[in-house]
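# Chains, contacts and geometry: an overview
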Amino acid sequence: DEPLPPPRPLSARQRSALIDTARATLAVLARETDPVTWPSRDGVTLYELARGASIALYPMDPARRFALDSHTGYLLMKNGVPVGYGGGWPFLATCRTGINVFPAFRGGESSWLFAQVLRVYRHHFGVSRFVVEPYQFGAGNREGLLSGAFWLYYRLGFRPVERSLRGVAAAEFERIRKASGYRSPLPTMRALAASDIALDVAPTDAAMRVDAGALSLAVSRHVGEAYRGDRKAAEAAAVSRVAAALGAGDRARWPAAEARAFRSLAQVVARVPDLARWTRDERAACVALMRAKGAADDAPYFRALATHRRLAEGMLAMLGEH
């Protein structure tokens, strides 16, 4: 919850250097992430924190962002040396995330450093809930199993979403706490990797936890049922309805990326049941956040989305129809 310092002002050259650093770091590891390969150069952001820690954020190029959420990558550094990387997928109040601390830097400050990552995503994107998917700590990922990554998250307060596994995790953590040198057996780690784990840093409810994937499936079903799979026709109808309902009639003068973002979100907004009953301020705020999704830095989009209660409730109601 500790507020962030302002991001460091960066020149175009400095942003390019941060991109080059992230690409070189991942190349040495024979790895690749979409935000580092296809970054929004003008949106690269650097936070310099306490104890020599710094975190660079890499939003996706607007043309390559997903329709609803979007992958923002990060490079974690200590005294200017890359020590880990990962990413986050914010949507409403929830952010799916994960971390890979390089082997030479595991232990020591790993937990504190990841806590700083969570702090940055919490404030930069307006996040109240973090979710880590099983792959990050072992499902189909032997390195995650062997490294005991589950316990890095557990010590920070993450708990299995599946209630049946919470007792298993608590009992195993007690064994670790009491027996010096004890390591959880692989079968136990595989069992714990059967569920998402979550950390709530502020109260959230069902409307603020709506899943972007579930919305995408609902839209696809609608396109299949109402338009026989013709996505172009479905998009055109949705854009027309949403523009009329929200009063967004001047789109020809918008930047191309903003117009593209409006189209990508329109098929969800068009399915909101009570759109016609929104107030003028709610409609204006929705247009603003749809446009913000096409900006070089899409963090304002995510922060606005996390505060537009009417839209969140409408998306939840939309899912309730199926």
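One can find the structure itself at the top, above this paragraph.
From a predicted model like this one, the values you see are computed outputs, not experimental measurements. (Residues numbered from 1 in each chain as written. Predicted model: local features only at pLDDT ≥ 70, side-chain atom pairs only at ≥ 80, totals over all residues. Heavy atoms only, no water.)

### Let's talk about the overall build of the protein
Note the following rule: Numbering of helices and strands starts at the N terminus; helices are DSSP runs of H or I of at least 4 residues and strands are runs of E of at least 2. The globule rule is 2.2 Å times the number of residues to the power 0.38, and the radius of gyration it is compared with is taken over C-alpha atoms. The classification of residues rests on relative accessible area computed with a 1.4 Å probe and restricted to protein chains. Under 20% of the type maximum is buried, over 50% is exposed, and intermediate values are partly exposed. The criterion used for residue contact is that any of the two residues' heavy atoms lie within 4.5 Å. The accessible surface values rely on the Shrake-Rupley method and a 1.4 Å probe; as for residues, cover is taken only from the protein chains in view. For this count, His and the chain ends are skipped, Lys and Arg are scored as positive, and Asp and Glu as negative. Each charge is placed at NZ for Lys, CZ for Arg, CG for Asp and CD for Glu.
The secondary structure content of the protein amounts to 13 helices and 8 strands. Against the globule reference of 20 Å for 322 residues, the protein gives a C-alpha radius of gyration of 21 Å, in line with a compact fold. The C-alpha extent of the protein, read off along each of the three principal axes, is 65 × 50 × 35 Å. For the protein, the residues scored as buried account for 48% of the 322 residues in total. For the protein, the share of sequence-separated contacts (at least 6 apart) that also reach a separation of at least 24 residues comes to 66%. Put simply, the protein shows about 15,200 Å² of open surface, and 53% of that area lies on carbon and sulfur atoms. Each charge sign in the protein was given a centre, from 44 positive and 31 negative side chains, and these centres are 2 Å apart.

### Quick look at the side chain of Glu-172
Counting through the fold element by element, Glu-172 comes out in helix H6 (residues 166–178). The buried category is assigned to Glu-172, whose relative accessible area is 2%. Contact partners of Glu-172, with chain neighbours within four places excluded, come to Trp-151, Tyr-182, Ser-184, Pro-185 and Thr-188.

### A few points about the packing of aromatic side chains
Put simply, the rule reads: Aromatic pairing here means that ring centres of Phe, Tyr or Trp (its six-membered ring) are within 6.5 Å. Orientation follows from the plane angle: under 30 degrees is stacked, over 60 is edge-to-face, and everything else is tilted. Lysine and arginine charges are scored as sitting over a ring when NZ or CZ, respectively, is within 6 Å of the ring centre and within 35 degrees of the ring normal.
For the structure shown, the criterion picks out 16 aromatic pairs. Joined through ring pairs, the aromatic side chains of Phe-114, Phe-137, Phe-150, Trp-151, Tyr-153, Tyr-154, Phe-158 and Phe-173 make up one cluster. We note Arg-51 situated over the ring of Trp-112; from NZ or CZ to the ring centre the distance is 3.9 Å. One Lys or Arg, Lys-293, reaches over the ring of Tyr-301 and ends 6.0 Å from the middle of that ring.

### Considering the pattern of salt bridges
Opposite charge on two side chains lets them pair, provided their charged atoms get close. Selection criterion: Within this document, salt bridges are pairs made up of a side-chain nitrogen of Lys or Arg and a carboxyl oxygen of Asp or Glu, the two lying within 4 Å of each other.
Scanning the model with the defined rule gives 22 salt bridges in all. For Arg-96, the salt bridge is made with Glu-133, and the minimal N-O distance between the two is 3.2 Å. Taken together, the residues span a long stretch of sequence, with Arg-96 in strand E5 (residues 94–101) and Glu-133 in the loop between strand E6 (129–132) and helix H4 (142–146) at a distance of 37 residues. Residue classification places Glu-133 among the partly exposed positions, given a relative accessible area of 39%. Between Arg-96 and Asp-211 there is a salt bridge, and its shortest N-O distance comes to 3.8 Å. Separated by 115 residues along the polypeptide, Arg-96 in strand E5 and Asp-211 in the loop between strand E8 (197–200) and helix H8 (212–227) bring together distant segments of the chain. Judged by its relative accessible area of 24%, Arg-96 falls in the partly exposed class. Taking relative accessible area as the criterion, Asp-211 reaches 33% and is therefore assigned partly exposed. Among the charged side chains, a network of salt bridges with common partners joins Arg-96, Glu-133, Asp-196 and Asp-211.

### Structural notes on the packing of helix H9 (residues 231–246) against helix H11 (residues 280–292)
Formally: Angles here are taken between N-to-C directions and fall from 0 to 180 degrees, while the axes themselves are lines fitted to C-alpha atoms, restricted in helices to the stretch in contact. Angle categories are assigned with fixed cut-offs, so that under 35 degrees is roughly parallel, over 145 is roughly antiparallel, 65 to 115 is roughly perpendicular, and the rest are oblique. Here the term charged refers only to Asp, Glu, Lys and Arg, the term nonpolar to Ala, Val, Leu, Ile, Met, Phe, Trp, Tyr, Cys and Pro, and the term polar to all other amino acids, Gly among them.
Remark: H9 packs on H11, axes separated minimally by 9 Å, with the N-to-C direction vectors making an angle of 130°. Of the possible angle classes, the one that applies to H9 and H11 is oblique. Between H9 and H11, the residues in contact are Val-242, Ala-245 and Leu-246 and Arg-283, Cys-286, Val-287 and Met-290, respectively. For the contact of H9 with H11, the per-class residue count stands at 6 nonpolar, no polar and 1 charged.

### Describing the packing of H8 against helix H13 (residues 309–320)
Defined as follows: Left-handed describes a crossing in which the near helix is turned anticlockwise from the far one by less than a right angle; the clockwise case is right-handed.
Relative to each other, H8 and H13 sit at 55°, their axes nearing to 10 Å. Between H8 and H13, the crossing angle belongs to the class labelled oblique. Pair H8 / H13 crosses with left-handed handedness. Counting all contacts with H8, which are made through Ala-214, Leu-215, Ala-218 and Val-219, the residues of H13 involved are Met-315, Met-318 and Leu-319.

### Things to note about the environment of Ala-24
Mapping Ala-24 onto the fold places it in helix H1 (residues 12–28). On the basis of relative accessible area, Ala-24 is assigned to the partly exposed category, the value being 44%. Each C-alpha atom, one on Ala-24 and one on Asp-281, is 46 Å from the other, the two residues being 257 residues apart in sequence.

Don't take any of this as a statement about function, it's just geometry.
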